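# Structural overview
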Amino acid sequence: MKTISIGLLGLGTVGSGVVQIIKNHQDKIMHQVGCPVEIKKILVKDVHKQRSVELEPGLLTTEPDDILRDDEIDVVIEVMGGIHGTKDYLITALRQGKHVVTANKDLMALHGSELLTVASEHGCDLFYEASVGGGIPILRGLVDGLASDRITQMMGIVNGTTNYILTKMSTEGRSYGEVLKEAQELGFAEADPTSDVEGLDAARKMTILATLGFSMHIDLDDVKVSGISNVTEEDIRYGKQLGYTMKLIGYAHREGEKVEVSVAPTFLSDNHPLASVQNEYNAVYVYGEAVGETMFYGPGAGSLPTATAVVSDLVAVIKNLRIGVNGKSAVTPQYPKQLKDDSEKYSKYFLRIHVQDEVGVFADITAIFARNGVSFEKILQLPIKKNETSEIVLVTHQASLTNYDQILVELYDVPAVKEVKSAYRVVRK
Ligand SMILES: NC(=O)c1ccc[n+]([C@@H]2O[C@H](COP(=O)([O-])OP(=O)(O)OC[C@H]3O[C@@H](n4cnc5c(N)ncnc54)[C@H](OP(=O)(O)O)[C@@H]3O)[C@@H](O)[C@H]2O)c1
């Protein structure tokens, strides 16, 4: 087979890793696909910028058509990021009959379905393993490894920045603001961390995971999202007393034909497999009806880990080329989208309530829960603080989201309830 020519869009963190892996692992790649692989052109913004990898002269360009309309280029690897302009580039590449590998979760979460349709119409592969969990082979794990099973639950720690922050808050008892600042200084958090800390990055990844895992087209707007910026060190400390670890969890659950997908700070029981995932590491816990529990764990980002997933996709494209099946491996969703309504979403909840220390207030609170059919699993009544405010920490048994929302409304009708300081989903093993 002839040399496979690649056009690389982007030469930043991931792109430089792709160049290194193709260079350093050429023998292994050659052995697997039976032909050499060469990078023919690389699109960047600035050709004069200092690069971390050695390049042959003339490789860099700022002209997209040098790649997108070069008939000799077989595969376009997109590692530049961005949404609208990037989508146009990839559509052009696919229409030119080029296979595409991308690491771009933002693009795949928003426009994956459209891009996959264009790819299959043109007999092209479009693979995106690196878009979720960096170097963890989770998408192939779901689509191929668990192809024969019916997945009913996926829970993911799919954002390294927030896991790093929550790990440090938990192990060092420090505040969110302090740890975020340190994470930014160490390069674990962006200068503008909004997309990470408010849960949007995780929501995009959960959109991709849920679509594949449940074989149902899930839109980003279907994912209920809340981030970690309001999590306090007190919350984490109380959670610890009750045997819980705080994580930002992407939660996707299927019951019958209906699904729910959300991202929220969540208390996991300490013995849950995800509770031990520390720092910037990612993991996805998958429950299948036949296989039971599985967990995929590893580095969720970084130059070489992410590039490993990208180049593995490239290997898959070339293997398909050898047997002439490009564009045929994408599986279209099997089921029409059916989302649970709030009365069908069940969870346990942790609540931290500040109350005026008055006779009867606890009875009023328990009456509200009882009226809504929700009982308690655990209760901590904490010593009275200054200005006579007392704190009640409780964990409920399973409650529907409808009942839980109603409880929150009714709690504020009790004059002695000053504030519901925090409220989190609880997941036990
Ligand atoms: N970083 C990770 O660990 C990681 C993990 C998983 C997925 N991803 C995804 O991988 C993609 C790349 O991330 P990254 O961290 O490698 O980004 P990055 O370091 O910012 O690199 C982006 C590269 O793309 C080039 N570029 C950006 N916009 C361009 C444009 N309009 N025209 C031409 N070139 C352009 C830049 O050129 P210059 O070098 O000239 O500025 C740079 O080389 C993103 O979609 C990201 O979400 C990243």
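This report concerns the structure included in the present document. (Residues numbered from 1 in each chain as written. Predicted model: local features only at pLDDT ≥ 70, side-chain atom pairs only at ≥ 80, totals over all residues. Heavy atoms only, no water.)

This next bit is on unusual backbone geometry. One non-glycine residue with positive phi stands out, namely serine 215, at about 50°. With respect to the element layout, serine 215 can be found in the loop between helix H10 (200–214) and strand S8 (223–225). Assessed through its relative accessible area of 16%, serine 215 is described here as buried. Backbone geometry places asparagine 279, a non-glycine residue, at a positive phi of 55°. Topologically, asparagine 279 is positioned in the loop between strand S10 (258–269) and strand S11 (281–288). (Helix = DSSP H or I, 4+ residues; strand = E, 2+ residues; numbered from the N terminus. Buried < 20%, exposed > 50% of the residue type's maximum accessible area, 1.4 Å probe, protein only.)

Under the criterion given, the structure shown has 8 aromatic pairs. Seen from their ring centres, phenylalanine 267 and phenylalanine 350 are 4.7 Å apart, and the 55° between their planes marks the pair as tilted. Of this pair, phenylalanine 267 sits in strand S10 while phenylalanine 350 sits in strand S13 (residues 346–356), placing them 83 residues apart in sequence. Neither phenylalanine 267 nor phenylalanine 350 differs from the other in exposure class; each is buried. An aromatic cluster is present here, built from Tyr244, Phe267, Phe350 and Tyr424 joined pairwise through their rings. Above the plane of the ring of phenylalanine 127 lies arginine 140, whose end atom (NZ or CZ) is 5.3 Å from the centre. Taking the ring centre of tyrosine 251 as reference, the NZ or CZ of arginine 425 above it sits at 4.1 Å. (Phe/Tyr/Trp six-rings, centres within 6.5 Å; stacked < 30°, edge-to-face > 60°. Lys NZ or Arg CZ within 6 Å of the ring centre and 35° of its normal.)

Turning to the packing of helix H7 (residues 160–172) against helix H11 (residues 233–241), a few remarks are in order. Running from N to C, H7 and H11 cross one another at 65°; their axes reach a closest spacing of 9 Å. Considering the angle they form, H7 stands roughly perpendicular to H11. Like other packed secondary-structure pairs, H7 and H11 cross with a definite hand, here right-handed. Residues Leu166, Met169, Ser170 and Thr171 of H7 touch H11, and the partners they reach there are Glu233, Ile236 and Lys240. Partitioned by chemical class, the residues of the contact of H7 with H11 number 3 nonpolar, 2 polar and 2 charged. (Axes fitted to C-alpha atoms, helices over the stretch in contact; angles between N-to-C directions. Parallel < 35°, antiparallel > 145°, perpendicular 65-115°, else oblique. Left-handed = near helix turned anticlockwise from the far one by under 90°. Contact = heavy atoms within 4.5 Å. Nonpolar A, V, L, I, M, F, W, Y, C, P; charged D, E, K, R; others polar.)

So, on to the state of the cysteines. Here, the word disulfide means a covalent bond between the sulfur atoms of two cysteines. A complete count under the given rule lists 0 disulfides for this structure. Cysteine 124 provides the cysteine sulfur closest to cysteine 35, a residue in no disulfide bond, and the two sulfurs are 17 Å apart. Classification of cysteine 35 as buried rests on a relative accessible area of 0%. Of the residues examined, cysteine 124 reaches a relative accessible area of 3% and is grouped as buried. (Disulfide = S-S within 2.5 Å.)

A few words on the site of the ligand. Taken together, 21 residues are adjacent to the ligand, and Leu11, Val14, Lys49, Arg51 and Gly302 come closest. A class-by-class count of the residues in the shell around the ligand yields 9 nonpolar, 7 polar and 5 charged. (Near = heavy atom within 4 Å.)

Let's shift gears to the nonpolar core. Judged by nonpolar contacts, the single largest core of 73 residues is most densely connected at Ile138, Ile165, Leu209, Val286 and Phe350. Take this core: its biggest share by element is 7 residues, from H10. Judged by nonpolar contacts, the second largest core, of 34 residues, contains Ile6, Ile29, Ile42 and Ala309. (Core = buried A, V, L, I, M, F, W, Y, C linked by side-chain atoms within 4.5 Å.)

Next up on the list: the pairing of S11. Summarising burial for S11: 6 of the 8 residues are buried, a large majority. Note: strand S7 (residues 151–157) against S11, 6 bridges, orientation antiparallel. Bridge pairing links methionine 154 to valine 286 in S11. Relative to strand S12 (residues 292–299), S11 runs antiparallel, the two being bridged by 8 bridges. Bridge pairing links glycine 288 to glycine 292 in S12. Where S11 folds back onto S12 in an antiparallel hairpin, the turn is made up of 3 residues. (Pairing = 2+ DSSP bridges.)

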